[in-house]
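The lines below spell out each chain.
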Amino acid sequence: MQRRQAGWIALFLLPAVALFLTIYAIPLGITLYTSLFDYRLFPNRMVYVGLANFAQLFARDAQFHRALVNNLVWILLHTTLHIAIGAVLALILYKKPRGWKAVRVIYMIPSIISNAAVAMIFANIYNPSYGVINSLLKSVGLAGMQRNWLYDPATSFVSVTMIWTLFSGYNTTLILSQALSLDSSVLEAARVDGASRLQQDFLIVMPLVKHMLATTMIMAATYMLQMFDLIYLTTRGGPGVTTTNLPLMLYKTAMTENNYGYANAIGVVIIALGVLFMTLINKLLRTRED
Amino acid sequence: MTQRPLTARGDSGLREQRPFHARIPAFLYMLLCVLVALFPILWVVMSSFKSNAQILSSAVSLPTAYSFEGYRMALEVSPILRYFFNSVVITMLSTFLNVFLVSLAAYVFARTRFRGKNLLFSILALSMVIPMTALMQPVYQVITSLGLADSLPGLVLVYMALNMPLTLLIMRASFAGVPASLEEAAYIDGAGFMYTYFRVMLPLTKGGLASAAVMAFLNAWNEFTFALVLTKSAAVRTLPLSLSYFTSQFSFNYTALFAAITMAVLPSILIFAVFQEQVSQSLVIGAVKG
């Protein structure tokens, strides 16, 4: 039977392997290779420059420094504050208070609609003339605090950050699913021993869902490492470079400046950071029990 | 049957009655999460029924009359139905092809033995850790050299690939969960490899297929970055991409702008309302196996 199956096995694997080669492997190869070249379209040239692109990025490019710092700050906030917001809700919902299922579903909604739509909604919420924030400020007599939230360099970074920080539905769903699968006798025992509600949550439930917490942190880090649409559609990385991150800089360098080698060097930095965060979070939080 | 212990309400083994005041913080937090999730969307929907003047004078208020004038204007100014149609075609095709083709490979990985299986799977699993945004430029290059730039098939191909990792994980887990006896019985009855796969195995993994399809659908429906990079002309523009043109298209016609955003958001919410169990399930599978 084995021999007869070999042909079928190859045939069944073919589409997935072809897809992987076309959209993942070959582009990855091109990125790694061309990051070592001065490779542009106008004027058309491809000259080997070794690590010069990386030297330029790290030693001299102020825009890259800002993009890198912004990206790292956003990743830090996303793996801590953003997840904490969702985790607290999960800790409330796993005790199944009235309406817990509805709350879980409703809180997921902003996470399943397109980022393009979320960006447009927030561009309007922050709009200086008819946006929610300025209108509310005016109605409570604080018209002096009104500003152009997305385009004022003093507030642009925080305004953009708020677009994604509060919507933690994926994390709630994941942590909740793990918490609900816990053996309730553990919690029963803790309760009998006189553990308070907070003690149960933070000393018993949290350590037991640590593995899932690590997973959400990795997902949050890689998501934020690649964040593009929500920034592109609200501030395009501006004003100046206040809300630029690595994918935005990569996009500009590749698609508007046609400076491919340099753009792909930024791509290599993104890939390296992705690997770094995954290893780091795994080392910190995941135990090797399974 | 009439006697039920008072504590065993619903399916909750954990629920316990605590004094009202002790439940207030948790209740407030839940309320806050619901408001945060719903307010932005409700605000947009409410505004789509208001006149321009109302939007400008009182941004946060209920509409005084419900007029669909905004929707009529939106459809007139922008070919939203065209973009909607493009999105439907791209999403349906990429979802179907993704689930159909990747399931073949998932089956082979779950149920057959061949030399180098684990190595091949680890290589394909790399697609889970590569930040695709970093590969923007070379993916554009590959799609262009295939003659698929600025075309629907180009986007279909990329969206199929973007969803490959999750579908592979979900379907491999579903196939692995089918009892081996069923497969053996089919072979003993003289069924071939193809027959066994399509007539015996695939029908037994409907749950997995649904989870994989729903995620592939939502991800393709919501995708923005590659639509931006890979297409130029309005003829192949997707709904999320069209959102980035709304502000200029609807300049100062805020009612139409809000109506257009509402139309773009509703399909995702409806799909999610129907399939929210599958969405949560595939999230969990993706997180646990990933």
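Because the structure is predicted, anything quoted here is derived from the model rather than measured. (Residues numbered from 1 in each chain as written. Chains lettered and ligands numbered in written order. Predicted model: local features only at pLDDT ≥ 70, side-chain atom pairs only at ≥ 80, totals over all residues.)

Undergrad: Can you tell me about the overall build of chain B, naming the residues and giving the values?
TA: Of the regular secondary structure elements, chain B holds 14 helices and zero strands. Shown N-terminal to C-terminal, the secondary structure of chain B runs as helices and strands in the order α-α-α-α-α-α-α-α-α-α-α-α-α-α. For 290 residues, the compact-globule estimate of 2.2 N^0.38 gives 19 Å, and chain B exceeds it by more than 25% at 24 Å. Relative to its 290 residues, chain B shows a buried fraction of 44%. (Helix = DSSP H or I, 4+ residues; strand = E, 2+ residues; numbered from the N terminus. Rg over C-alpha atoms; globule rule 2.2 N^0.38 Å. Buried ≥ 20, exposed ≤ 12 C-beta atoms within 10 Å, placed from the backbone.)

Undergrad: Would you mind going over the domain arrangement of chain B in detail, with residue names and values included?
TA: Parsing chain B into structural domains produces domain 1 (20–67) and domain 2 (80–253 + 263–289). Distance between the C-alpha centres of domain 1 of chain B and domain 2 of chain B: 34 Å. (Domains from an automatic or database assignment.)

Undergrad: Can you lay out helix α4 (residues 100–112) of chain A for me, pointing to particular residues and giving the numbers?
TA: Taking 1.5 Å as the rise per residue, α4(A) with 13 residues should run 18 Å; its terminal C-alpha atoms sit 19 Å apart, in good agreement. Considered for burial, the residues of α4(A) that qualify are A:Val103, A:Arg104, A:Tyr107, A:Met108, A:Ile109, A:Pro110, A:Ser111 and A:Ile112. (Expected span 1.5 Å × (residues − 1).)

Undergrad: With reference to specific residues and values, describe the packing of α4(A) against helix α8 (residues 169–180) of chain A.
TA: All names here are of chain A. Two elements in contact, α4 and α8, have axes separated by 7 Å at closest approach and are oriented at 140°. With respect to their mutual orientation, α4 and α8 come out oblique. In this structure, α4 uses Arg 104, Tyr 107, Met 108, Pro 110 and Ser 111 to contact α8, whose residues at the interface are Gly 169, Tyr 170, Thr 172, Thr 173 and Leu 176. For the contact of α4 with α8, the per-class residue count stands at five nonpolar, four polar and one charged. (Axes fitted to C-alpha atoms, helices over the stretch in contact; angles between N-to-C directions. Parallel < 35°, antiparallel > 145°, perpendicular 65-115°, else oblique. Contact = placed C-beta atoms within 7 Å. Nonpolar A, V, L, I, M, F, W, Y, C, P; charged D, E, K, R; others polar.)

Undergrad: So what's going on with unusual backbone geometry? Residues and values would help.
TA: Cis geometry marks the peptide bond from A:Gly238 to A:Pro239, where omega comes out at -5°. Tracing the sequence through the fold places A:Pro239 in the loop between α12 (229–232) and α13 (246–256). Non-glycine residue A:Lys96 carries a positive phi angle of around 55°. Position of A:Lys96 among the secondary structure elements: in the loop between α3 (62–93) and α4. For B:Asp150, which is not glycine, the phi dihedral falls at a positive 55°. Of note, B:Asp150 is situated in the loop between α6 (136–145) and α7 (152–162).

Undergrad: Any details on the interface of chain B and chain A? Residues and values, ideally.
TA: Interfaces are often sized by the amount of accessible area the parts lose when they come together. At the junction of the two partners, chain B supplies 71 residues and chain A supplies 73 residues. In terms of residues, the side of chain B that touches chain A owes the most to one element, helix α14 (residues 254–289) of chain B, which gives 13 residues.

Undergrad: Any chance you could break down α3(A) for me, citing the residues and the numbers?
TA: Over its 32 residues, α3(A) runs 45 Å from end to end, which matches the ideal 46 Å to within 8%, given 1.5 Å per residue. When the local axis directions of α3(A) are compared, the greatest deviation, roughly 35°, occurs at A:His78. (Bend = angle between axes of the 7 residues up to and from the residue.)

Undergrad: Lay out the confidence of the model for chain A with the relevant residues and their values.
TA: Close inspection of predicted coordinates is inappropriate for parts of the model with low pLDDT. Of the residues in chain A, 97% reach a pLDDT of 70 or more, and the chain-wide mean stands at 91. Taking the mean pLDDT of every element in chain A, the minimum, 81, falls on helix α9 (residues 184–192) of chain A and the maximum, 97, on helix α7 (residues 156–165) of chain A. (pLDDT = per-residue confidence, 0-100.)

Undergrad: Could you give me a rundown of the environment of A:Asn127, with the residues and numbers involved?
TA: Residue and element names in this part refer to chain A. Checked against the element boundaries, Asn 127 lands in the loop between α5 (115–125) and α6 (132–139). Since 20 C-beta atoms lie within 10 Å of it, Asn 127 is described here as buried. As for Asn 127 and Asn 148, which are separated by 21 residues in sequence, their C-alpha atoms are 6.8 Å apart.

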